[in-house]
Amino acid sequence: MANYTEPLKAFRFLVEMENSGVVAAAFSYFSGVKMDVRTVSGRAGDDWRGVQTDVPVLTVFQPVTLSKGVVGDSDFLRWLHSASAGVHSGPTGISLRRTLNVVALDEHGKRGVTWSLRGALPIGYELAPMDGGRSEVLTESLTFSIQGMERKTEGGS
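Summary of the structure given here.

Our next topic: the overall build of the protein. The secondary structure content of the protein amounts to 1 helix and 9 strands. The N-to-C order of helical and strand elements in the protein reads β-β-β-β-β-α-β-β-β-β. Counting all 157 residues of the protein, 34% fall into the buried class. Pairs at least 24 residues apart make up 56% of the contacts formed inside the protein by residues separated by at least 6 positions. Working note: accessible area of the protein is about 9,800 Å², and carbon and sulfur atoms make up 52% of it.

Structure representation (structure tokens):
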């Protein structure tokens, strides 16, 4: 995989595939990290008082979106497109779900919090409108469904 070579000054979130440490994309906006635990209410069998308790039965992770960025790695882009239908076939990717590490950078460009998005599946791609009469940077937005999430800081906690 090629390293991302665009200037990272304006981007505050780097995306690494699996545990490669190789930056595949950079974004300035990261949203949608949300976990809901669905529960069933009941009473514990040994609770003689009849106090209601909740038992977790299903965890739901909302889709996450990375936007105002640019994908700089061609392998990462191929993976994004492998989840969609081709001209004559359905999704072509063998391993469609992967772990993405989204790394937040501080104002000095040093690594801060990392969110590991487990079982990420590309479900959306958007290219921002392009206007040749303006000097704006080309930006892309990506949306992923996820099956799990872990949050780590550089100190390890």
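Another aspect to go through is a nonpolar patch on the surface. On the surface, Val-40, Val-55, Val-57 and Leu-58 cluster together to form a nonpolar patch covering roughly 340 Å² of accessible area. Among the elements that line the nonpolar patch, the one with the most residues is strand β4 (residues 52-61), at 3 residues. Structurally, Val-57 is set in strand β4. Using a relative accessible area of 52% as the deciding quantity, one classes Val-57 as exposed.

Going through the model one piece at a time under the given rule, you end up with 4 aromatic pairs. Measuring from centroid to centroid gives 5.7 Å for Phe-13 and Phe-30, while their planes differ by 55°, and the two rings are tilted. On the criterion of sequence distance, the pair formed by Phe-13 in strand β1 (residues 13-17) and Phe-30 in strand β2 (residues 23-31) is long-range, its members being 17 residues apart. Centroid distance Phe-30 to Trp-115: 5.5 Å. Interplanar angle 65°. Geometry classified as edge-to-face. Separated by 85 residues along the polypeptide, Phe-30 in strand β2 and Trp-115 in strand β7 (residues 111-127) bring together distant segments of the chain. Given a relative accessible area of 16%, Phe-30 falls into the buried group. Given a relative accessible area of 17%, Trp-115 falls into the buried group. Site record: aromatic cluster; members linked through ring pairs are Phe-13, Phe-30 and Trp-115.

It is worth spelling out helix α1 (residues 74-82) at this point. Within the span of α1, buried status applies to Phe-76, Trp-79, Leu-80 and Ser-82. All buried residues of α1 lie within an arc of 165° about the axis, which places them on one face of the element. Its side-chain oxygen at 3.3 Å from the backbone nitrogen of Asp-75, Asp-73 defines the N-terminal cap of α1.

On to the nonpolar core, then. In terms of nonpolar packing, the biggest core is built from 24 residues, with Phe-30, Phe-76, Trp-79, Leu-100, Leu-117 and Phe-144 touching the most fellow members. Taken together, the elements giving at least two residues each to this core come down to β1, β2, β5 (64-71), α1, β6 (98-105), β7 and β8 (140-145). Ignoring any residue separated from it by four or fewer positions in sequence, one finds Phe-76 in contact with Val-15, Met-17, Ala-24, Ala-25, Val-71, Leu-100, Leu-142 and Phe-144. Core analysis: the second largest hydrophobic core is formed by 7 residues, Leu-14, Val-23, Ala-26 and Leu-105 among them.

About the cut-offs
- Residues numbered from 1 in each chain as written.
- Predicted model: local features only at pLDDT ≥ 70, side-chain atom pairs only at ≥ 80, totals over all residues.
- Heavy atoms only, no water.
- Helix = DSSP H or I, 4+ residues; strand = E, 2+ residues; numbered from the N terminus.
- Buried < 20%, exposed > 50% of the residue type's maximum accessible area, 1.4 Å probe, protein only.
- Contact = heavy atoms within 4.5 Å.
- Areas by Shrake-Rupley, 256 points an atom, 1.4 Å probe, with all protein chains shown as cover.
- Patch = residues over 30% accessible without salt bridge, like charges linked within 9 Å, V, L, I, M, F, W, Y side chains within 5 Å.
- Salt bridge = Lys/Arg side-chain N within 4 Å of Asp/Glu carboxyl O.
- Phe/Tyr/Trp six-rings, centres within 6.5 Å; stacked < 30°, edge-to-face > 60°.
- Arc of directions from axis to C-beta.
- Polar contact = N/O pair within 3.5 Å; in protein donor to acceptor, adjacent residues only side chain to side chain.
- Core = buried A, V, L, I, M, F, W, Y, C linked by side-chain atoms within 4.5 Å.

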